[in-house]
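Remarks on the overall topology
For reference, the chains in residue letters:
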Amino acid sequence: MTELSLEKLKAEDVKEISKALTIIENDPIEAKKIVGALDEKDYCVIGLTGSPGSGKSTLTDRLASLFSLKEKIGIIAVDPSSPFTGGAFLGDRIRMKRTSRNDNVYIRSMASRGKLGGLSPSIYNAVELLGRCGFKKVFVETVGAGQSETDIANLADIVLLVLAPGLGDEIQMLKAGIMEIGDIYVVNKMDIEGASRLKSRIEAVLDFSNHRKDVILTDGIKGTNLEELARLIEKELQFLKESGKIDEKRKKRKRFNKLNTVFQELKELPDEAIDRLVEELKKLTGGR
Ligand SMILES: Nc1nc2c(ncn2[C@@H]2O[C@H](COP(=O)(O)OP(=O)(O)OP(=O)(O)O)[C@@H](O)[C@H]2O)c(=O)[nH]1
Ligand SMILES: [Mg+2]
């Protein structure tokens, strides 16, 4: 941890946090040390996934603005196809300025670099770092494509599945089992024809699979129903806390982080060490 100042990191200095995240992105072993040097804190992870272009960034930005009135909010955009405040906000410079000047919101883009399309260990460490640096809610936006959805369910306390009419891929999501990972279902672009129909279809699917969850219509551009969505998130968090489920989620997050890190470390080992490990593993798993 040569150039990094732990003091500054502990003081939640934004420049130092950025530096730490760059190290985390590039060096998994160092990442573990940096995160480990900071005290654990209470925070929650809100994952947003769903169809490309459904409005995840727009909604994240809106939600972050709302929550940032009372707490520090971190945002990690994984493999963003456009800069976070780009596409969605270029037409609205005043609001963009307000967002980027919001001292209570920290935004970072990261490459997933995950094998098999999953989230890389650096994302887990980045989230944990932000949590330990006083960010009370950390939003993680991933573009819905295969493995990353199930990973987001392992990483996040609450998953928002964001869909929009006219994108035509909800059937694919149903097939891929992605529909089941949501804690809150958002049908964004309610101003577009077909939004209510999509909402009804999602409700029917959820009913059918006994996966009873809230489905909400939003307009990311006008901000319609965004306060209601923020309320649903708080309600879900409250439920997780009261039921003790939040601890399970944290355990799950830690476990996946550990597994990911172990995998990284394994890759550095010479062949004979791997062979020895395989033998040890056989003992643990009864030879399977
Ligand atoms: N009509 C309409 N357009 C919206 C709404 N919300 C967002 N958009 C627009 O939809 C486009 C995509 O929005 P993003 O927020 O970038 O969507 P995203 O899901 O983050 O996109 P990717 O990260 O590329 O998958 C942008 O042009 C937004 O301005 C909405 O409620 N209604
Ligand atoms: Mg986006």
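All right, on to the overall build of the protein chain then. Within the protein chain, the regular secondary structure consists of 12 helices and seven strands. Burial statistics for the protein chain: of 288 residues in total, 38% are counted as buried. The contacts of the protein chain with a sequence gap of at least 6 include a subset with a gap of at least 24, amounting to 76%.

Attention now goes to the nonpolar core. Formed by 60 residues in total, the largest nonpolar core has its most connected members in I76, V127 and V140. Not counting residues within four places of it along the chain, the set of residues in contact with V140 comprises V45, G47, I76, V78, V127, I152, L155 and A156.

The next subject is the pairing of strand β7 (residues 214–217). For strand β6 (residues 184–187) and β7, the ladder comprises four bridges, and the chain directions are parallel. Across the sheet, residue V187 finds its bridge partner in β7, namely L217. One crossover worth recording links β6 to the parallel β7 by way of helix α9 (residues 195–208), and it is right-handed.

Helix length check: α9, at 14 residues, gives a terminal C-alpha distance of 20 Å against a target of 20 Å (1.5 Å per residue), a fit within 8%. Those residues of α9 that fall on the buried side of the exposure criterion are A195, L198 and I202. For α9, the buried positions fall inside an angular range of 60° around the axis, keeping them on one side. In α9, those exposed residues whose orientation departs by more than 90 degrees from the buried face are S196, R197, S200, A204, D207 and F208. Two residues or fewer after α9 comes N210, characterised by a positive phi angle close to 60°.

All right, on to unusual backbone geometry then. Trans is the prevailing form of peptide bonds, just as negative phi is the prevailing case for residues other than glycine. A positive phi angle, near 60°, is found at N210, a position not held by glycine. Examined against the element boundaries, N210 turns out to sit in the loop between α9 and β7. Since 6 C-beta atoms lie within 10 Å of it, N210 is described here as exposed.

Here we come to the pairing of β6. Of the two faces of β6, the one lined by I184 and V186 and the one lined by Y185 and V187 are each fully buried. Relative to β6, strand β5 (residues 158–163) runs parallel, the two being bridged by four bridges. By the bridge assignment, L163 is partnered in β6 with V187.

Moving on to the packing of helix α2 (residues 14–26) against helix α3 (residues 28–36). For the pair α2 and α3, the least separation of the axes is 6 Å and the interaxial angle reads 140°. Judged on the interaxial angle alone, α3 and α2 are oblique. Considering only the axes of α2 and α3, their crossing is left-handed. Contacts between α2 and α3 involve A20, I23 and I24 from the former and E30, A31 and I34 from the latter. For the contact of α2 with α3, the per-class residue count stands at five nonpolar, no polar and one charged.

Definitions and limits used
- Residues numbered from 1 in each chain as written.
- Chains lettered and ligands numbered in written order.
- Predicted model: local features only at pLDDT ≥ 70, side-chain atom pairs only at ≥ 80, totals over all residues.
- Helix = DSSP H or I, 4+ residues; strand = E, 2+ residues; numbered from the N terminus.
- Buried ≥ 20, exposed ≤ 12 C-beta atoms within 10 Å, placed from the backbone.
- Contact = placed C-beta atoms within 7 Å.
- Core = buried A, V, L, I, M, F, W, Y, C linked by C-beta atoms within 7 Å.
- Pairing = 2+ DSSP bridges.
- Right-handed = clockwise from strand over helix to strand, strands pointing away.
- Expected span 1.5 Å × (residues − 1).
- Arc of directions from axis to C-beta.
- Axes fitted to C-alpha atoms, helices over the stretch in contact; angles between N-to-C directions.
- Parallel < 35°, antiparallel > 145°, perpendicular 65-115°, else oblique.
- Left-handed = near helix turned anticlockwise from the far one by under 90°.
- Nonpolar A, V, L, I, M, F, W, Y, C, P; charged D, E, K, R; others polar.

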